[in-house]
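Here are the chains, one letter per residue:
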Amino acid sequence: MNSKIDISGTSKKGLKMRLLLIVAIALLCAFMQPSLAAPVISIEPSHQNVLQGDVFTVNITVDPAGDEIMGAQYDLYFNNMLLNATEQIGGDFLSHDGAPTMVVTNEINNTIGLVGYGEMRMGVDYGVTSPGVLATITFKAMEPGTDNLTLSNIIISDPLGVQIPDVLVNNSTVKINGTYFDISGFVDYSDVSPVNYPNVTITNLNTSEIFIAETNESSNYYYLSTNFAHISQGNILHFNTSDRKGNSTELEHRVTQEEMEANGFMQNLTIDITPPVITNIIVASITKDSATISWETSELSDSMLKYGTQPGNYTETVHNTSYVMYHSIILTDLIPDTTYYYVVNSTDPSDNSAQSTEHNFTTFPVIIISIGDVSLITGENATIPILIHNITNVGIVDILLSYNQSVVHVINVNDSDFNFMDSTIDNSLGTTRIGAYQISSPGLNGEVKLADITLQSVSDGGETCALNLTINELKEAGPEEISIPAITFNGTFAVTELTPPSVINPIANPLSIPEDTDFDPKWGETSQLNVTVMDESRVANVTINLSAIGGFPNRPMTRISGTDIWSVAVNASVGTAICYNGSCLPHNLAVCATDVFGNMNTSASIQLRVILNGDVSENGEVTLYDDMYLAKHMLGKPGFETMNEGVGEVSGNEDLTLYDAMYLAKHVMGESGFEVLH
């Protein structure tokens, strides 16, 4: 029995040892297995101390803790009274192995104090397991205090798109220490007197923030207190300062690092009430149509010039808004040989203006180099001058005369007002070059003769060509080489002839017309007068003397296009019929033809017979016999076939009928209503 008890005791002790070994092995195995902890998302660093106005960053990091992460998103809340989020940039947590990613959201909303971000891997079916930075957020510290940065709405997903539960979150705090930046100074007038109770407005041009400085009625001192959240190194501050009388000044100041370290700076301001002083008004570079006027001022100011052609009446203004001390205004489109009156005006940036007394200048007249017109018969010579008009101090001139060498030749060039003159004649090319200059005397002025040039006509009559002048060089006689602007007036060379135009075939159609008794020429009361005119050169005009039939003594005739026929339609006034011894005599209407050289031919005339209206028998009187004659003509009686029907159409309906015979009879008998023969 004792032996059993011993064996039993030994067995219990061995079992206990065996259980302890199993527990130890189980614990060891547990330590050797991978961690099953949840992923961690953190804001790093967990705590920061910054100054008001500082710009700082925080990183949003993710530790997968052994899980495969395929996507992540979060919302971060902050106190928008203390902080301002300025930027959020994605990190390389999801893409550090080269896999592409897509940003689902990247949001900054300072109105509610929210920053949101979401990103997922693309093109792969596995996630990342290494920790990294998901995004970096940049803040600016605005006001003193402590802000808790808090993550919310966190979603961490695995490669299957399933949200991983129980993600651990580490938030962060930011402590913002207050700063200050003070700007102050005194405001004075330019005469050093103080500007009490000034208005001082300061605008940060980098942020567009506007600050109004503190002032008081009894002092010219101003003061502004702000902080680093509103002022940074390199910012440009625009000062706008004014008194309460309308005077003002402006100034820009760039903030330096030294001023940031000193927590501000002092800036004294001056309101300018002194107008610029205008001196050294000079008129230069006067030409026929332009002038340059310059002046100086004692300070930076704009440039204005007012001018006109009458004293005290300045109708034109030129203004340059650039602020300079050396001013220059160019006037253009002026009238040659005209006196202009002007004042100059300059206004500084503080709106202080000064104006000069009246000055004047006179533009030069137009400088012209001219050659006249020449008309010669074949083989004749003529000498004409080449003149320079309205010139001042001319020292040298070089011109080229060109012409049609088949029409005219230059045979001589001589007699110049210059000390030296020479020429090169080349009639084969139709050019003559003439050069002249002054040697021992000052430059020439006024009207100056370059040379006399002798021309000879070498073609048949009727030929013409231009005499063209080209200026190669025209300069002053002074020690500096100054060109003189000028224009040319060219001439015309014409070879004339003395033969008048040929005038043939003068004719009237019809040869006779009745007097226009009612001043309303209708059918049968007009005649077309034609004449053929020809000339070796060109017919200038053809006229005809119509005074004998009540018209103009030099009535122009019109050329029928494409022919040499000149024509005019005429009618005859009452009282122009010449009746003698039982018949009407014709008028000889003289024709005058003139060619382009003034040669005239007056030898021809056109015969036109004027008959009394209604005198169909053409015996020089209107009687009942004419009524009978007209009736027998209309009825086709033998012996009455011949008649000018235009004379017989007296009713005015432009149709010859027995009605005209009745009308004519009543006219002869003096019946009322038939007084006028139409």
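Think of each chain on its own: its residues are numbered from 1, step by step along the sequence as written. In keeping with the model being predicted, local features are shown solely for residues with a pLDDT of at least 70 and side-chain atom pairs are shown and tallied solely at 80 or more, while totals for entire chains, interfaces and linings include all residues. Just so you know, side-chain values use all the structure's heavy atoms and leave hydrogens and water out.

### Section: the overall build of the protein
Here is step 1 of the chain: From N to C terminus, the protein includes 5 helices and 46 strands.
Here is step 2 of the chain: The dimensions of the protein, computed from C-alpha atoms along their principal axes, are 205 × 90 × 70 Å.
Here is step 3 of the chain: The protein chains shown are the only cover counted for residues, whose accessible areas, like all others here, come from Shrake-Rupley with a 1.4 Å probe. Element-wise, carbon and sulfur atoms account for 52% of the exposed surface of the protein, whose accessible area totals about 34,800 Å².
Here is step 4 of the chain: Counting rule for charge: Lys and Arg are taken as positive, Asp and Glu as negative, and neither His nor the chain ends is counted. To locate a charge, take NZ of a lysine, CZ of an arginine, CG of an aspartate or CD of a glutamate. When the 24 positive and 78 negative side-chain charges of the protein are each reduced to one mean point, those points stand 17 Å apart. The secondary structure listing takes helices from DSSP runs of H or I that are at least 4 residues long and strands from runs of E that are at least 2 residues long, numbered from the N terminus.

### Notes on empty space enclosed by the protein
Using a probe with the size of a water molecule, rolled over the atoms, empty space left in the structure can be pinpointed.
Here is step 1 of the chain: Method remark: on a 1 Å grid restricted to protein atoms, a set of points is classed as a cavity if a 1.4 Å probe fits but cannot get out and as a pocket if it is open with protein on both sides within 12 Å along at least five of seven lines; lining residues have an atom within 4 Å of a point. Grid points are joined across faces, edges and corners, and a volume is the space filled by probe spheres set on the points. Taken as a whole, this structure holds 1 cavity of 30 Å³ or more when the rule is applied.
Here is step 2 of the chain: In terms of lining residues, the largest cavity is bounded by D518, D520, K522, W523, E525, E649, G652 and H678.
Here is step 3 of the chain: We call Asp, Glu, Lys and Arg charged. Ala, Val, Leu, Ile, Met, Phe, Trp, Tyr, Cys and Pro are nonpolar, and the rest, Gly among them, are polar. Classifying every residue of the lining of the largest cavity by side-chain character gives 1 nonpolar, 2 polar and 5 charged.

### Here's the deal with a nonpolar patch on the surface
Here is step 1 of the chain: Exposure above 30% relative accessible area and the lack of any salt bridge qualify a residue for a patch; like charges then connect within 9 Å, and the nonpolar side chains Val, Leu, Ile, Met, Phe, Trp and Tyr within 5 Å. Any Lys or Arg side-chain nitrogen found within 4 Å of a carboxyl oxygen on Asp or Glu counts as a salt bridge. A surface patch of nonpolar side chains, about 330 Å² in accessible area, is lined by M102, V104, M120 and M122.
Here is step 2 of the chain: Within the fold, M122 resides in the loop between β7 (114–121) and β8 (132–141).
Here is step 3 of the chain: Categorising residues by exposure relies on relative accessible area from a 1.4 Å probe, with only protein chains included: less than 20% of the type maximum marks a residue as buried, more than 50% marks it as exposed, and the intermediate range marks it as partly exposed. Judged by relative accessible area, which is 33%, M122 ranks as partly exposed.

### Digging into the layout of surface pockets
Here is step 1 of the chain: There is about 240 Å³ of room inside the largest pocket.
Here is step 2 of the chain: Every residue lining the largest pocket is counted, 13 residues in all, and those nearest its centre are I286, F364, I367, E476 and I484.
Here is step 3 of the chain: Its volume calculated, the second largest pocket comes out at about 170 Å³.
Here is step 4 of the chain: Forming the walls of the second largest pocket are 13 residues, and the residues nearest its centre are G71, A72, E119, M120 and S157.

### Some words on the environment of E259
Here is step 1 of the chain: Inspection of the secondary structure assignment puts E259 in helix α2 (residues 257–261).
Here is step 2 of the chain: Taking the C-alpha atoms as reference points, E259 and I183, 76 residues apart in sequence, are found 9.9 Å from one another.
Here is step 3 of the chain: Residues are treated as being in contact if the distance between any of their heavy atoms lies within 4.5 Å. In contact with E259, not counting residues within four places along its chain, are F181, H253, R254, G264 and F265.

### A closer look at the confidence of the model for the protein
Here is step 1 of the chain: Here the protein averages 91 in pLDDT, while 95% of its residues score no lower than 70.
Here is step 2 of the chain: Within the protein, helix α1 (residues 2–32) has the poorest average pLDDT of any element, 39, and strand β4 (residues 71–77) the best, 98. Each residue gets a pLDDT score, which is the predictor's confidence in that residue and runs from 0 to 100.

### Here's the deal with the sheet that holds strand β16 (residues 236–242)
Here is step 1 of the chain: Two strands are counted as paired when DSSP detects at least two bridges linking them. Sheet architecture is open: 4 strands sit in the order β14-β13-β16-β17, paired in antiparallel fashion. A strand with exactly one partner marks an edge of an open sheet, and here the two such strands are β14 (209–212) and β17 (248–254). Each neighbouring strand pair of the sheet contributes to a mean axis angle of 20 degrees, computed without reference to strand direction.
Here is step 2 of the chain: Where β16 lies against β17, 7 bridges are found, and the strand directions are antiparallel. Following the sheet pairing, S242 is matched in β17 by S248. Note on geometry: axes are lines fitted to C-alpha atoms, helical ones only across the stretch in contact, with angles between N-to-C directions running from 0 to 180 degrees.

### Examining the state of the cysteines
Here is step 1 of the chain: Two cysteine sulfur atoms form a disulfide, by the criterion used here, when they sit within 2.5 Å. Scanning the model with the defined rule gives 0 disulfides in all.
Here is step 2 of the chain: This cysteine, C579, is not joined by any disulfide, and C584 carries the nearest cysteine sulfur, 3.0 Å off.
Here is step 3 of the chain: A relative accessible area of 5% means that C584 is categorised as buried.

### Some thoughts on the side chain of T297
Here is step 1 of the chain: You can see T297 is positioned in strand β21 (residues 291–308).
Here is step 2 of the chain: Within the structure, the side chain of T297 is placed 3.2 Å from the side chain of S301, a separation counted as a polar contact.
Here is step 3 of the chain: Among the polar contacts listed, one links the side chain of T297 to the side chain of H327, at a separation of 2.7 Å.
Here is step 4 of the chain: Sequence-distant contacts of T297, defined by excluding residues within four places in its chain, comprise P276, V277, I278, V324, M325, H327 and S346. Contacts described as polar in this section are N or O atom pairs within 3.5 Å, which, within protein, must combine one atom able to donate a hydrogen with one able to accept it, while residues neighboring in sequence count only if both atoms come from side chains.

### Some thoughts on the environment of T532
Here is step 1 of the chain: For T532, the position within the fold is in strand β38 (residues 526–534).
Here is step 2 of the chain: Each C-alpha atom of the pair T532 and P506 lies 7.0 Å from the other, and the pair is 26 residues apart in sequence.
Here is step 3 of the chain: The contacts of T532, once residues within four sequence positions are left out, are S502, V503, I504, N505, D564 and I565.

### Let's talk about the nonpolar core
Here is step 1 of the chain: With 36 residues, the main nonpolar core has I386, V397, F418, L450, I453, L455 and F493 as its most contacted residues.
Here is step 2 of the chain: Of all the secondary-structure elements, those providing two or more residues to this core are β26 (368–371), β27 (374–377), β28 (381–402), β29 (408–414), β31 (431–437), β32 (444–457), β33 (464–476) and β35 (491–496).
Here is step 3 of the chain: At 9 residues, β28 tops the list of elements feeding residues into this core.
Here is step 4 of the chain: When residues no more than four places from it in sequence are discounted, the contact partners of I386 are I369, S370, I371, I399, I434, V448, K449, L450, A451, I453 and L469. The term nonpolar core refers to a set of buried residues drawn from Ala, Val, Leu, Ile, Met, Phe, Trp, Tyr and Cys, joined through side-chain atoms within 4.5 Å.

### Topic: unusual backbone geometry
Here is step 1 of the chain: Cis geometry marks the peptide bond from E44 to P45; its omega dihedral reads 0 degrees.
Here is step 2 of the chain: You can see P45 is positioned in the loop between β1 (40–44) and β2 (47–51).
Here is step 3 of the chain: Residue P510 follows N509 across a cis peptide bond; omega there is 0 degrees.
Here is step 4 of the chain: Following the sequence through the fold, P510 ends up in the loop between β36 (502–509) and β37 (512–516).
Here is step 5 of the chain: Positive phi values are uncommon outside glycine, yet S285 reaches one of about 55 degrees.
Here is step 6 of the chain: The class of S285 is exposed, set by a relative accessible area of 55%.

### Digging into the pattern of salt bridges
Here is step 1 of the chain: Counted according to the given criterion, the structure contains 11 salt bridges.
Here is step 2 of the chain: Across the salt bridge formed by D415 and K449, the nearest N and O atoms sit 2.8 Å from each other. You can see D415 sitting in the loop between β29 and β30 (420–426) and its partner K449 sitting in strand β32, a full 34 residues away along the chain.
Here is step 3 of the chain: Accessibility expressed as a relative area gives 17% for K449, which makes it buried.

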